[in-house]
Amino acid sequence: MIGWVRNRLDAFRGRGAYAATVPPMDGALRPNTRLEEAAVLARVSSPDNLVLHQGRVLFSSGAVIMALEDGQTREWRRCAAEVTALASVGETLAMGLADGSLILASDADRLVTGLGRCITSLSAGEAGQVIVCVGSAVHCCDEWKHDLLTGGASGSVWQVTLADGVAKLLAQGLSWPAGSATSGGQTVVVEAWRHRLTPLGGVPLVSDLPGYPSRLSPAADGWWLTLFAPRNQLIELVLREGPYRKRMMREIDPDHWIAPTLSPAVDFNQPMQGGAIRTHGIIKPWAPTRSYGLLVRLDRKFHPIASYHSRADGRFHGITSALQMGERVLVTSRGGNAMLSLAEVQP
Amino acid sequence: MASDVFTRWRYKLVPDKIVGEILSKNWVDNAIPVLFLLIALGVFAALIPNMFTTGSLGGMTRTAGEYLLVALGLTIVVMAGGIDLSVGSVFALANLSMLALGGVVGLPLWLAALAVLAMGGVIGLVNGVLIGYLRLRAFLTTLVMLIIVRSVTDTLLLSYSKQMSSVQIAGPVWDFLAFKTILGVAPSFAVAMVLAVLAHFTLTRLRVGWHILAVGGSRRAAHNAGIDVRRTVCLTYVMSGMLTAAAGIFYAARLASLGNDTGLGLEITILTAVVLGGTSLGGGRGSVFKTFLGVVIVVIITNSLIRLGLRSGASSLVLGAILLIAVGIDVRWLKNRAKLLARSYVSPTYFALPPLQKVTRAPTTPYAINDLLSDAEPIGVGEVDGPEDVILDEEGNLYCGSRDGDIIRFLAPDHKIREVYVHIGGSTLGLAFDREGSLLVCVGGMGLYKVTRARDVIKLSDETNRSWLSIVDDSRMRLADDLDIAPDGRVFFSEATIRYEMHDWIIDALEGRGNGRIICYDPRDGSSKTILSGRQFPNGICMVPDGQSFLFAETWGCRISRYYYEGPKKGRVEPVIHDLPGYPDNINLASDGNFWCGIIGMRAPAFDLAQKMPRFRRHMVMQIARDEWLYPNMNTGGVIKFDLTGKIVQSLWDGVGERHPQVTSIREHRGYLYLGGIFNNRIGKYKIPGADPNWTAGQAYWGGQSYEGAKP
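An account of the accompanying structure is given in this report. As the structure is a prediction and not an experimental result, all values here were calculated from the model. (Residues numbered from 1 in each chain as written. Chains lettered and ligands numbered in written order. Predicted model: local features only at pLDDT ≥ 70, side-chain atom pairs only at ≥ 80, totals over all residues.)

Observations regarding the overall build of chain A
Thought 1: Helices and strands together make up the secondary structure of chain A, namely four helices and 24 strands.
Thought 2: For 347 residues, the compact-globule estimate of 2.2 N^0.38 gives 20 Å, and the C-alpha radius of gyration of chain A, at 20 Å, lies within 12% of that figure.
Thought 3: Over its C-alpha atoms, taken along the principal directions, chain A stretches across nearly 60 × 50 × 40 Å.
Thought 4: Looking at chain A as a whole, 51% of its 347 residues are labelled buried.
Thought 5: The long-range fraction of contacts in chain A, counting pairs at least 24 apart against all pairs at least 6 apart in sequence, stands at 51%. (Helix = DSSP H or I, 4+ residues; strand = E, 2+ residues; numbered from the N terminus. Rg over C-alpha atoms; globule rule 2.2 N^0.38 Å. Buried ≥ 20, exposed ≤ 12 C-beta atoms within 10 Å, placed from the backbone. Contact = placed C-beta atoms within 7 Å.)

Structural notes on the overall build of chain B
Thought 1: In terms of regular secondary structure, chain B is built from 19 helices and 25 strands.
Thought 2: Relative to the globule expectation of 27 Å for 712 residues, the C-alpha radius of gyration of chain B, 34 Å, shows a markedly less compact shape.
Thought 3: Taken over the C-alpha atoms alone, chain B extends approximately 110 × 65 × 45 Å along its principal axes.
Thought 4: Across the 712 residues in chain B, those meeting the buried criterion constitute 48%.
Thought 5: Excluding contacts between residues fewer than 6 apart, the proportion of contacts in chain B whose partners are at least 24 apart in sequence is 63%.

Let's talk about the sheet that holds strand 13 (residues 527-535) of chain B
All names here are of chain B.
Thought 1: The strand order 10-11-12-13 describes an open sheet built from four strands, whose pairing is antiparallel. A single partner strand is all that each edge strand has here, and the edge strands are strand 10 (480-485) and strand 13. Recorded for the sheet is a direction-independent mean angle of 20 degrees between the axes of neighbouring strands.
Thought 2: Pairing analysis gives four bridges linking strand 10 to strand 11 (residues 491-495), with the strands arranged antiparallel. In the strand pairing of strand 11, aspartate 484 is matched with phenylalanine 492. (Pairing = 2+ DSSP bridges. Axes fitted to C-alpha atoms, helices over the stretch in contact; angles between N-to-C directions.)

Details of the interface of chain B and chain A
Thought 1: Tallying the contact residues gives 32 residues for chain B and 29 residues for chain A.
Thought 2: Put simply, the parts of the chain that give the side of chain B that touches chain A at least two residues each are helix 17 (605-611), helix 18 (614-623) and strand 20 (630-631) of chain B.
Thought 3: Grouping the amino acids of the side of chain B that touches chain A by side-chain chemistry returns 20 nonpolar, eight polar and four charged.
Thought 4: Where strand 19 (residues 272-273) of chain A meets strand 20 of chain B, two bridges bridge the pair, whose relative direction is antiparallel. Paired with A:Gln273 across the strands is B:Leu630, a residue of strand 20 of chain B. (Nonpolar A, V, L, I, M, F, W, Y, C, P; charged D, E, K, R; others polar.)

Focus: the packing of helix 6 (residues 109-133) of chain B against helix 7 (residues 138-166) of chain B
Residues and elements named next belong to chain B.
Thought 1: Interhelical geometry of helix 6 versus helix 7 gives an angle of 150 degrees and a closest axis separation of 10 Å. Our classification of the angle between helix 6 and helix 7 gives roughly antiparallel. For helix 6 against helix 7, the interelement crossing comes out right-handed. Together, Ile123, Asn127, Leu130 and Ile131 of helix 6 and Ala138, Thr141, Thr142, Met145 and Val149 of helix 7 make up the contact between the two elements.
Thought 2: A breakdown of the residues in the contact of helix 6 with helix 7 according to their chemical character gives six nonpolar, three polar and no charged. (Parallel < 35°, antiparallel > 145°, perpendicular 65-115°, else oblique. Left-handed = near helix turned anticlockwise from the far one by under 90°.)

A word on the packing of helix 6 of chain B against helix 12 (residues 229-255) of chain B
All names here are of chain B.
Thought 1: Here helix 6 crosses helix 12 at 150 degrees, and the two axes come no closer than 7 Å. Between helix 6 and helix 12, the crossing angle belongs to the class labelled roughly antiparallel. The handedness of the crossing between helix 6 and helix 12 is right-handed.
Thought 2: Here the residues of the contact of helix 6 with helix 12 are counted per class, giving 19 nonpolar, 10 polar and two charged.

Topic: the sheet that holds strand 17 (residues 573-577) of chain B
Strands pair in a sheet through their backbones, by hydrogen bonds, and they do so in one of two ways: parallel or antiparallel.
Residues and elements named next belong to chain B.
Thought 1: Taken together, the four strands give an open sheet; going across it, the order is 14-15-16-17, and neighbouring strands pair in antiparallel fashion. Looking at which strands have only one partner, the edges of the open sheet turn out to be strand 14 (538-543) and strand 17. The mean angle between the axes of side-by-side strands here comes to 30 degrees, regardless of whether they run parallel or antiparallel.
Thought 2: In terms of strand pairing, strand 15 (residues 549-554) meets strand 16 (residues 559-564) through six bridges, oriented antiparallel. Residue pairing for strand 16: glutamate 554 is matched across the bridge by arginine 559.

A word on the nonpolar core
Thought 1: In terms of nonpolar packing, the biggest core is built from 200 residues, with A:Leu86, A:Ala94, A:Val130, A:Val132, B:Phe493 and B:Cys597 touching the most fellow members.
Thought 2: When near neighbours in sequence (up to four residues on either side) are disregarded, A:Val130 contacts A:Ala87, A:Val89, A:Ala94, A:Leu122, A:Ala124, A:Gly125, A:Val160 and A:Leu162. (Core = buried A, V, L, I, M, F, W, Y, C linked by C-beta atoms within 7 Å.)

Structural notes on the pairing of strand 8 (residues 447-451) of chain B
Residues and elements named next belong to chain B.
Thought 1: Counting buried residues along strand 8, four of its five residues qualify, which places the element largely inside the surrounding structure.
Thought 2: Counted along the chain from strand 7 (residues 439-444) to the antiparallel partner strand 8, the turn is two residues long, and its residue glycine 445 has a positive phi close to 85 degrees.
Thought 3: By the bridge criterion, four bridges tie strand 8 to strand 9 (residues 457-461) in an arrangement that is antiparallel. In the strand pairing of strand 9, leucine 448 is matched with serine 461.
Thought 4: Connecting strand 8 to the next strand, strand 9, in antiparallel fashion are five residues, including arginine 455 with a positive phi near 65 degrees.

Quick notes on the pairing of strand 23 (residues 665-669) of chain B
Residue and element names in this part refer to chain B.
Thought 1: Most of strand 23 is tucked away, with five of its five residues classed as buried.
Thought 2: Pairing of strand 23 with strand 24 (residues 672-676), which is carried by five bridges, proceeds in the antiparallel orientation. Within strand 24, the position partnered with arginine 667 by the bridge is tyrosine 674.
Thought 3: The hairpin turn running from strand 23 into strand 24, its antiparallel successor, is two residues long, and arginine 670 in that turn takes a positive phi close to 45 degrees.

Here we look at unusual backbone geometry
Thought 1: Between B:Ala412 and B:Pro413 the backbone carries a cis peptide bond, its omega angle lying at 0 degrees.
Thought 2: When you line up the elements, B:Pro413 lands in the loop between strand 4 (406-410) and strand 5 (418-423).
Thought 3: Positive phi outside glycine occurs at A:Ser46, with the angle close to 45 degrees.
Thought 4: Checked against the element boundaries, A:Ser46 lands in the loop between strand 1 (39-43) and strand 2 (47-53).
Thought 5: Here the phi dihedral of B:Cys558 falls at roughly 50 degrees; this positive angle occurs in a residue that is not glycine.
Thought 6: Tracing the backbone shows B:Cys558 in the loop between strand 15 and strand 16.

Some remarks on helix 6 of chain B
Thought 1: Its 25 residues place the ends of helix 6 of chain B 34 Å apart at the C-alpha level, agreeing with the 36 Å of an ideal helix rising 1.5 Å per residue.
Thought 2: Once helix 6 of chain B ends, the next one or two residues include B:Arg135, with phi positive near 60 degrees. (Expected span 1.5 Å × (residues − 1).)

Re the environment of A:Leu234
Thought 1: Relative to the elements of secondary structure, A:Leu234 occurs in helix 3 (residues 233-240).
Thought 2: C-beta crowding within 10 Å serves as the criterion here: with 24 such atoms nearby, A:Leu234 is assigned to the buried category.
Thought 3: Residues A:Leu234 and A:Arg290, spaced 56 residues apart in sequence, show a C-alpha to C-alpha distance of 9.1 Å.
Thought 4: Filtering out sequence-adjacent residues up to four positions away, A:Leu234 remains in contact with A:Ile258, A:Gln273, A:Pro288, B:Ile624, B:Glu628 and B:Leu630.

Regarding the environment of A:Leu41
Thought 1: Along the chain, A:Leu41 falls in strand 1.
Thought 2: As for A:Leu41 and A:Trp144, which are separated by 103 residues in sequence, their C-alpha atoms are 28 Å apart.

Here it is as structure tokens:
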């Protein structure tokens, strides 16, 4: 009863769970410009899904899988639809496509279907298995904004055995699972809309991140976590304002919504927040923004220990994948259409 | 949509903005005591029959008169940041002294009264010297004074009460003070009211009153401002002592009491009255009228409680409780008023713009986006801060306004040398040259000013007619924005909004209401008159060369209209462009007879939708930080050229929005277009292909009568 009253009061006063606040970027997440200053390896349209497969760096750009060799990119394979996820598991390259098919390519391709149309991420599980994150049962990968704004919680995580292609449901009812990692027999799933990392069947390891997290990939001693967009007070408010949100989704082009984006605003029809007015020729780095570049280094226990930023005035936003290559880290900035090479800073 | 119709009427019929406007008034502090008074009146009128008969009121004014006198003194002390607890004892001593001097000693009444007043003043002076000059704590000092004076009174009473009780003061004056009324009120009340008016006048209009308020507001700041803080503080205690003594005299006349409970607990009663009225214990805030309200409330309550038959102890209990509540409200109110005001002042209403036309880079469309302005040659990069308007004189010198209140001049021909032409203060916005070559300037927060060629700054207008139903004072000019001069010399200028100050101008966009107006200044008689009101951020003003009309832009309304100030259509407003895809700013003449208009930003569908949903904007203002609010998109701007039929002839943009993200001003001069921007740190100079290289606005406006001939 008290809980209910408090809930109603909070809803009325915009406090507690109804507060449109976002956690500050502090501690290990203190802003810097390391990502913005990283070396640009290649300019590619919408790069994503970096993997190391049999000694070769692969990544996707639309429906094409590209290879990065000696600083040059070349087309490696062309798929039937946009590539939404890649993972290298032993001899096999697992490819998730926008049409919902999962292709297990080794000597020959094997097609696994029935996982829905929204494969957001693939990662190597226990030996001979691949973990599949399905962001939503309702929306496809491109419709991630729709899923966020409708409070989507229909995502699921599957385990596919390479040997026979059989898919087993591990968890469902998740809010846009966008990445996963398996170590020591435990699979950790990233739930983007809930801003947290949770082991299957466990309590969250990291929660209340200041952005929307997606992919996890192994680092030298820990993990890399990408955050593809920042949280923003105005967006948090819109998420709580049902009538406005519904009308916005019904009447306005998705590109012009008050919603997170991958790339810095270039379209003058996009909404602008007060702090983001260009003054004296510059946009403040701390201006409120709907896109951001953020890569976070986690330790073995998945706790953040360092971060790499491209801030509100930066170019390399929409970080979607990272790959440790010895001393350096390759990073795809999907919003900045660039492949970056980053020198790791010891935390 | 049906819901839109409902929303529109809801916001049309219920004027939400009133709440914030009332809260922003200083007199709103009186609202709580007035409410309290009404409640007290209602409750006791219901409980006690014959509560408000004339006889009863007359009796009440006797007490009220004495209370008010003491309360006036305490108000002055509290407003200067102190407190005087000794009033009860001084009151008792004054009563006793009056009876003793008038009766036993047998002095004439006037002399006895003067002596008693002087005695009150001396006790006050002791307090004042200790607190003001020796910097003792007011609370402790006056508490000690309370005890000392009370002891003295008791001792005197003990020694002389027998003698005194045998002598009665008599005489017509004494009886008049005791029993008669003036216009239905007790003499003490009449005197108190006269003194209250004087005190009000002193506190609000005289130097010493301002000093008292300043000291109460902040001792340190008052000291820094050159006020003699010690003397001011000392003075307040003297006043308090004398006023209390005066109250004691009236009390003596009324009751001739020799009881030892005279004035016992009076300090609590008076303090309750003062704080209940709304005078802040922290100092610096309060008024005589508030104290008056507080006294009336306290008298009604004490009187009623006695009539209800409560024991005197219970009466004190009730007063104590009220004091506690009053102090609580005082503290909470002071702390939260600004917050409440900040949250409730922005009052969004329903506003629907016409459908947004698609603007693309396709060159065939009227507003085709391009990057031509990115190539504009920069002038004064980093040397100007917010040149909202720019203008050139016939010699080619370039003038611009600035955020810090200067008019900056860049010298012809290359505009490399910068000088401060004149400092005005306030944000210098719209600029125009008159026939004599004087520069007329709209200054945000100040009004309309003129800078002569000798660089003298002359105020032309800073107020207009006050409209009857406006709660905010709309006679004052908050945001004079742009101006133009008619051939007959009248100046028409826009005031963008009457609800926000210069630094908050964009917030006006969130309201979606017509808060602005256009004012006409007539130099023939120096008068200013509002000619159009309820406009949505009226901004640029530009004369049409027909001598009968001018064009004006309404920024948040995304439209340009034409107003006729002369001729057969006089007084009419005709739309020229009603559905701009961006927000128009200043309008100026082009050499080919068309008009230039600066576009400060572009319409975003998400913002347009929010304009139709006032509740959403209200929640936004209440719940999230100001920098996070949704605003019109001001990071892409440009210039359009249009004709009087509303046809778009040309458009120039900075599509990337790096050099000229907002264009607030444009001036054509000898084949070039000069661009200003309110958030920019530069002026742009763009070569207009094919423009008349000899055309200047001065010639176009004043032709052969240009001030060229009158050059010194």
